[in-house]
Structures are given as C-alpha cells and as structure tokens.
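The primary structure of each chain is shown beneath.
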Amino acid sequence: MSEGGERGDARTRLRVLLVEDNSADAELVMRELRRSDFSVAGATVKTPTEFRAELRSRAPDVVLADYNLGQWRGMEALDILHQEGLDVPLILVSGALGDVTAVECIKQGATDYVLKDSLARLPVSIARALQEKQLRAERRRAQQDLAHKVEELARSNHDLEQFAYVASHDLQEPLRMVANYTQLLAERYRGKLDEQADKYIHYAVDGATRMQTLIQDLLAFSRAGRQGMEVEPVDSAAAVAEAMSNLRAALEENHAEIVVGPLPTISGNASQLRQVFQNLVGNALKFHGSAPPRITIHAEDRGEEWLFSVCDNGIGIAPEYTDAIFAVFQRLHTRTEYPGNGIGLSICKKIVERHGGRIWVESRPGEGSTFKFTLRGAASPPMKREEPHEACVRDLVSR
Ligand code: ADP
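Packing of helix H9 (residues 270–286) against helix H10 (residues 344–354) brings their axes to within 9 Å, and their N-to-C directions diverge by 145°. Relative to H10, the crossing made by H9 is left-handed. Seen from H9, the contacting residues are Gln 272, Gln 275, Val 276, Asn 279, Leu 280, Gly 282 and Asn 283; seen from H10, they are Gly 344, Leu 345, Ile 347, Cys 348, Ile 351 and Val 352. Of the residues assigned to the contact of H9 with H10, the class counts are seven nonpolar, six polar and no charged.

The structure is reproduced here in structure tokens:
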C-alpha cells in the first residue's frame, strides 16, 4: 500500500483510492490528477483485504479501479463498498474494455469508465461523479426531512384527535349534571324568586344546553375520524336518497327543488357518505336566498376518481372565507341569523380526506355555492388506511 503526496493550495481536496496492481499505471493516474484542478492525496491498494482496510481507516472521495487485477476484478471493489455501506463513486480505469462489458459495469453500479490511454478525461469524470454524489446526498437528506415531518404531523394529529375525543367524552357527564340541575331549578323556582333570579337561571340553562350541543358536535367530529371504517362498494345514489329522507321536513318546509343526476358506485363507507350529502344539502337548505332553494347533485367521471358537486342558489360565500369554513367551529353568521355550530363542513372534510379525496367550494356571494369533492370509484384499488386506536382511547377514558 503506498501513499501519495498532497499540495497545500486552494484547490478542491480529493482523496483517491486506487485499486491497481501495476505501480507504473498507478503513477500515471496520479500524475494526471496532479495536473488537474484537484489537490490530490492518494493511496494505492492491490488486494481486497488492503482495499477494505483502507476504506475503514479513511473513506476516500472516489475509487479508481482497474478492471482486471489478476486475482480479482475492479467490480468486486464495488461489492465491498456496498458491504461497508459507503456511497463512494467507483470509476473503472482500464485498458481496452469492450463496450458491452463497460455498459454492464455501469449497469451494476460503476459510475464511469476511463480508458488508460485517455487519462486526460479522468478529472472531468471525477468532477461529475462527485457532483452526482452530492446531489444524491442532498436528495436523501430532503427525503429524510420530509419523512420526519410527515411522521411528526401524523403523531400530532393523532394526539390532537385523542385529546378532542377524550375531552369531549369526559366533559359530557359533568355537563349533563349541570344542565339537568339548572333545568330543575328553572322548573321548580320559576316565578318564586325575583325577576332577576329567573333571568339568571334562564341564562344558566341556555348556556349549559348550548355547551352540551357543542360538546356533542365535537365528539361527532372526533368520531368521524376514529371509527373503524368498513370500506365497500357504495351506491352514492342510495346515500343521497337516505340523506334526503332524513332531511324531508326541511326540504318540504323550504319548498326546495332537488335535481339529482346519475350517480356512481364508489369505494367507501355508506354511512359516512350519507353524512357528507346530508351536511351539504342541509347547508344548502339553511343558507338559501330569497328564492326557494334549488339544489343540484351531480357526479363526473375523472378516470381515477369521481368529482361530486352539490350546487345551490343560496346566499353564497365571500372568497376570503372559502378555506376557513372547513375548520372546526368556523361560522360566518351569528346563531340568531342562522342556527348551527360550524361543525358540519369540518366533518365533511374529515370524511372525504379519510376516503383519500379532497373537498372545496366555489362560490359567489349572492349567487350560490357549489361544494365539490372527489372520491375513488368502486373499481379503484383500496387505499391504505391507518386503523383507529380505540383500545388506547378506551384506556384513557376509563382512567
Ligand atoms: P354550520 O352550518 O353549523 O354553521 P358548517 O361547518 O356546516 O356549520 O358551515 C360553516 C359555515 O360555512 C356556515 O356557517 C356558513 O357560513 C358557510 N356555509 C356552509 N354551507 C354554505 C352554503 N351552502 N351556502 C352559504 N354558506 C355556507
């Protein structure tokens, strides 16, 4: 094993490991590199044992290997690099190497090959190999960063869901007590205390009842993401029909006109899909304009997925709120203007996203809104889904 010199200058430092059994050839390679833009330090090895030992003592920037080394072949050095877990470019520096062999070596992982009678090309080949290695490292780092962030996000989402579920579940019981007893106070003592007391009791009953609704909504939202989801072919026309039947009173009261186009069979959960249609149509009825509500439900084949739309002629939504309305408890009106708690659309978003789809709204104030969402057709491959952690939650709840 021999060690070459290193010039102290501002050029890029390059540690070369030469796998070469011919000292004269090794010297020729080193001489060529010293003439280049690199500040070269080199070691030469002849056997696999020497090669492995040198890799372990100082990992090189690049390996230059002769193709035929008598006892072994330069390509075997590549196996050793892999075994040592090193991403170091290996360039074959060889006498005549047929095109077929050269291509085969590149296929197996050699970075390049340079013929011994055109060594002038070597520095260019090394520069390119180092650049590719740097790009590979950057890409690996970016992928690791991304994977780490995705993992963090999934964990924090899961923690948040768990918190919302446990909090809303555990708050129900004490709240039921408050609501029941203030109700009892109201019934027993109405008119028996002074007017002020009646007013206070009324506020207390009202507050407790409202809080109960909020907690139930929060629990419903949390459950939409937790319940184990049976995925099966679902006839979306049947899901719409069921939603309409649940909304019959509101439909009749508002003299609504409903137009439903041909709807496909999708891959999903029937009860959750019914819930999406029910929330969207319920909103279209609630936020109607001066004319009676006219609601159109439609689906369009987009190849991999179906694009559903629920279109109304209601009050519409200003463009700056089209994202916010999908967040939990976000509303654009007071409860005296329109009843509700601002949970319906967040449940729709959660359900659609759990099905692997997207949901958004296109709207013009005063002209109506079209809610759109995508779902996979029944023939599409089922998507991978994280199972809910019910057992874990039950533990927490029972504590
Ligand atoms: P809620 O209906 O209880 O307010 P949602 O989450 O279903 O809660 O809706 C959030 C808000 O989005 C509503 O308060 C309303 O301002 C707006 N919105 C939803 N659907 C419509 C619609 N079809 N037309 C106009 N505004 C709508």
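Once you've had a look at it, read on.
This part is about the sheet that holds strand S13 (residues 368–376). Pairing is mixed across the open sheet formed by five strands, whose spatial order is S8-S10-S11-S13-S12. Two strands in the sheet have a free side with no partner beyond their single neighbour: strand S8 (257–260) and strand S12 (359–364). Across the sheet, the mean angle from the axis of one strand to that of its neighbour is 15°, orientation sign disregarded. Here six bridges tie strand S10 (residues 294–301) to strand S11 (residues 305–311), and the two strands are oriented antiparallel to one another. Note on S11: the bridge partner recorded for Ala 299 is Phe 308.

Once that is clear, we can look at the site of the ligand. Around the ligand, a shell composed of 22 residues is seen, among which Asn 283, Leu 332, Gly 340, Gly 344 and Leu 345 lie nearest. Sorting the residues of the shell around the ligand by element identifies H9 and H10 as the ones contributing at least two each. Tallied by class, residues from the shell around the ligand come to eight nonpolar, 12 polar and two charged.

Turning to unusual backbone geometry, a few remarks are in order. Here His 255, not a glycine, exhibits a phi torsion of approximately 50°, which is positive. Within the secondary structure, His 255 is located in the loop between helix H8 (248–253) and S8. The exposed category is assigned to His 255, around which 10 C-beta atoms lie within 10 Å. At Phe 329, a residue that is not glycine, the phi angle is positive and equals roughly 65°. Relative to the helices and strands, Phe 329 resides in the loop between S11 and H10.

The subject of this paragraph is the domain arrangement of the protein. Parsing the protein into structural domains produces domain 1 (2–138) and domain 2 (229–386). The straight-line distance from the C-alpha centre of domain 1 to that of domain 2 is 63 Å.

Next up on the list: the nonpolar core. Side chains of a nonpolar character, in soluble globular proteins, are inclined to be buried together. In this structure, Val 276, Phe 277, Leu 280, Val 281, Val 310 and Cys 348 are the most contacted members of the largest nonpolar core, which totals 36 residues. Of all elements in the fold, only helix H6 (195–226), helix H7 (236–246), H9, S10, S11, H10, S12 and S13 reach the threshold of two or more residues within this core. No other element matches the six residues that H9 contributes to this core. Leaving out residues up to four positions away in the same chain, Cys 348 has contacts with Val 276, Asn 279, Leu 280 and Ile 359. Val 19, Ala 26, Val 63 and Tyr 67 belong to the second-largest nonpolar core, a separate cluster that totals 34 residues.

This brings us to helix H3 (residues 74–83). Those residues of H3 not exposed but buried are Gly 74, Ala 77, Leu 78 and Leu 81. Relative to the axis of H3, the buried residues are bounded by an arc of 105° and lie together on one face. Residues of H3 that are exposed and point more than 90 degrees away from the buried face comprise His 82 and Gln 83. Check the buried side of H3 and you find it contacts strand S2 (12–19), helix H2 (48–57), strand S4 (62–65), strand S5 (90–94) and helix H4 (99–108). Positive phi shows up at Gly 85, right after H3, with a value of about 70°.

Taken across its five residues, S5 has five buried, putting it largely inside the fold. Relative to S5, S4 is paired through three bridges, and the arrangement is parallel. Across the sheet, the residue bridging to Val 63 is Leu 90, located in S5. For the crossover that starts at S4, traverses H3 and ends in the parallel S5, the hand is right-handed. Pairing of S5 with strand S6 (residues 112–115), which is carried by four bridges, proceeds in the parallel orientation. By the bridge assignment for S6, Ile 91 is matched with Asp 112. Once the chain exits S5 it traverses H4 before rejoining the sheet at S6, and the crossover so formed is right-handed.

Chain-level statistics for the protein give a pLDDT mean of 87 and a share of 91% at 70 or above. Below a pLDDT of 50 lies the segment residues 2–7, which in the model reaches 10 contacts outside its immediate sequence neighbourhood of four places, other chains included. Segment residues 382–399: pLDDT under 50, and 16 contacts once partners within four positions in sequence are set aside and those in other chains are kept.

Rules behind the numbers
Residues numbered from 1 in each chain as written. Predicted model: local features only at pLDDT ≥ 70, side-chain atom pairs only at ≥ 80, totals over all residues. Axes fitted to C-alpha atoms, helices over the stretch in contact; angles between N-to-C directions. Helix = DSSP H or I, 4+ residues; strand = E, 2+ residues; numbered from the N terminus. Left-handed = near helix turned anticlockwise from the far one by under 90°. Contact = placed C-beta atoms within 7 Å. Nonpolar A, V, L, I, M, F, W, Y, C, P; charged D, E, K, R; others polar. Pairing = 2+ DSSP bridges. Near = placed C-beta within 6 Å. Buried ≥ 20, exposed ≤ 12 C-beta atoms within 10 Å, placed from the backbone. Domains from an automatic or database assignment. Core = buried A, V, L, I, M, F, W, Y, C linked by C-beta atoms within 7 Å. Arc of directions from axis to C-beta. Right-handed = clockwise from strand over helix to strand, strands pointing away. pLDDT = per-residue confidence, 0-100.

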